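# A structural walkthrough
Each chain, written out:
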Amino acid sequence: SAFSSSSGQDVSRPSLYSEAMEMWEISVMMFFLSKIRNWVRSNELFDDLQTRKMQRHKMHSILKDNIKSSDIIDIMNQTYHRLSELEDKMPDGSSRVDLHMNAMKSIQSRCGEDGFQVVYFDDSREDEEIVPAIIVDKHREKVIVAFRGSQSKNDWMCNLKCRQTRQANPVFFL
């Protein structure tokens, strides 16, 4: 089905599959962006002092809000080998960096020439709290509010212990 955007053009609604895939890609992006930001803060991302001096400004831009998707991809490209050393391998031995890079490129490709912009990202207490993000895609006139929660084995064990309960729908009669 189609609906009209604020610019008046008819836009088709994405399928449930494409929406679910985008949610997965955004969660992968948030997880890895948080890791990259931690590595930048601790200077682990830099191979040597020369690289650190050369890329300091670019790398530290990722610690601020209003991060452009193209900047994240540039940083991933520039530090690919170092990221591969820092990141765990997949069970099949392949690099998780490739998974993250593919997710970023897939999101970027849907967002047009300008890509998307992470206008808010708070991972300052990621070990204690969920990580919220606000992502703006001007091309598709879309704002995404996302939360990254589970990251450790303990988090996932807690998630697996939950069970469904029937709840009344509070807006059913509205």
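The preceding data block contains the structure.
Residues numbered from 1 in each chain as written. Predicted model: local features only at pLDDT ≥ 70, side-chain atom pairs only at ≥ 80, totals over all residues. Heavy atoms only, no water.

So, on to the environment of K105. Here K105 is to be found in helix α5 (residues 96-110). The exposure class of K105 is partly exposed, given its relative accessible area of 43%. Distance from K105 to G115, taken between C-alpha atoms, is 9.4 Å for residues 10 residues apart in sequence. (Helix = DSSP H or I, 4+ residues; strand = E, 2+ residues; numbered from the N terminus. Buried < 20%, exposed > 50% of the residue type's maximum accessible area, 1.4 Å probe, protein only.)

In this fold, V97 is placed in helix α5. Separated by 65 residues in the primary sequence, V97 and F32 place their C-alpha atoms 8.6 Å from one another. If we ignore the near neighbours within four places in the chain, the residues touching V97 are F32, M76, Y80, L83, S84 and E87. (Contact = heavy atoms within 4.5 Å.)

It is worth spelling out the pairing of strand β6 (residues 142-148) at this point. Looking at chain direction, strand β5 (residues 131-137) and β6 are connected through 7 bridges and run antiparallel. Paired with P132 across the bridge in β6 is F147. Taking the residues that link successive antiparallel strands as the turn, the β5-β6 hairpin has 4 residues, and the phi of E141 there is positive, at about 50°. (Pairing = 2+ DSSP bridges.)

Moving on, we get to the sheet that holds strand β4 (residues 117-121). Taken in spatial order, the 4 strands of this open sheet run β3-β4-β5-β6, and their pairing is antiparallel. Each end of this open sheet is capped by a strand with a single partner; those strands are β3 (67-68) and β6. The sheet contact formed by β3 and β4 spans 2 bridges and is antiparallel. Considered in β4, the bridge of K68 is made with Q117.

Attention now goes to the packing of aromatic side chains. Geometry of an aromatic ring pair is reported as the spacing of the ring centres plus the angle between the planes. Inspection of the entire model under this criterion finds 1 aromatic pair. Ring centres 6.1 Å apart and planes at 80° place the aromatic pair F32 and W39 in the edge-to-face group. Here F32 matches W39 in class, with each residue buried. (Phe/Tyr/Trp six-rings, centres within 6.5 Å; stacked < 30°, edge-to-face > 60°.)

A word on the nonpolar core. Nonpolar side chains tend to gather and get buried jointly when the protein is soluble and globular. Ranked by internal contacts, the top residues of the largest apolar core, which has 30 residues, are M29 and I36. When residues of this core are traced back to their parent elements, those giving at least two are α1 (16-41), α3 (69-78), α5, β4, β5 and β6. Broken down by element, the residue count for this core peaks at 8 residues, all from α1. With residues up to four places along the chain from it excluded, the contact list for I36 reads L45, I62, I75, M76 and L83. (Core = buried A, V, L, I, M, F, W, Y, C linked by side-chain atoms within 4.5 Å.)

This paragraph deals with the environment of H100. Counting through the fold element by element, H100 comes out in helix α5. H100 gets classed as buried once you look at its relative accessible area, which sits at 5%. With 73 residues separating them along the chain, H100 and S27 place their C-alpha atoms 10.0 Å apart. Sequence-distant contacts of H100, that is, excluding residues within four places in its chain, are made with V28, F31, F32, M76 and E87.

The topology assignment puts S84 in helix α4 (residues 80-86). S84 sits in the buried class, given a relative accessible area of 15%. Among residues more than four places away in sequence, those in contact with S84 are K89, S95 and V97.

Within the element layout of this structure, E22 appears in helix α1. Judged by relative accessible area, which is 4%, E22 ranks as buried. Only 2.6 Å separates the side chain of E22 from the side chain of R140, close enough to count as a polar contact. Look past the residues within four positions of E22 in its chain and what remains in contact with it is R110, R140, K142 and I144. (Polar contact = N/O pair within 3.5 Å; in protein donor to acceptor, adjacent residues only side chain to side chain.)

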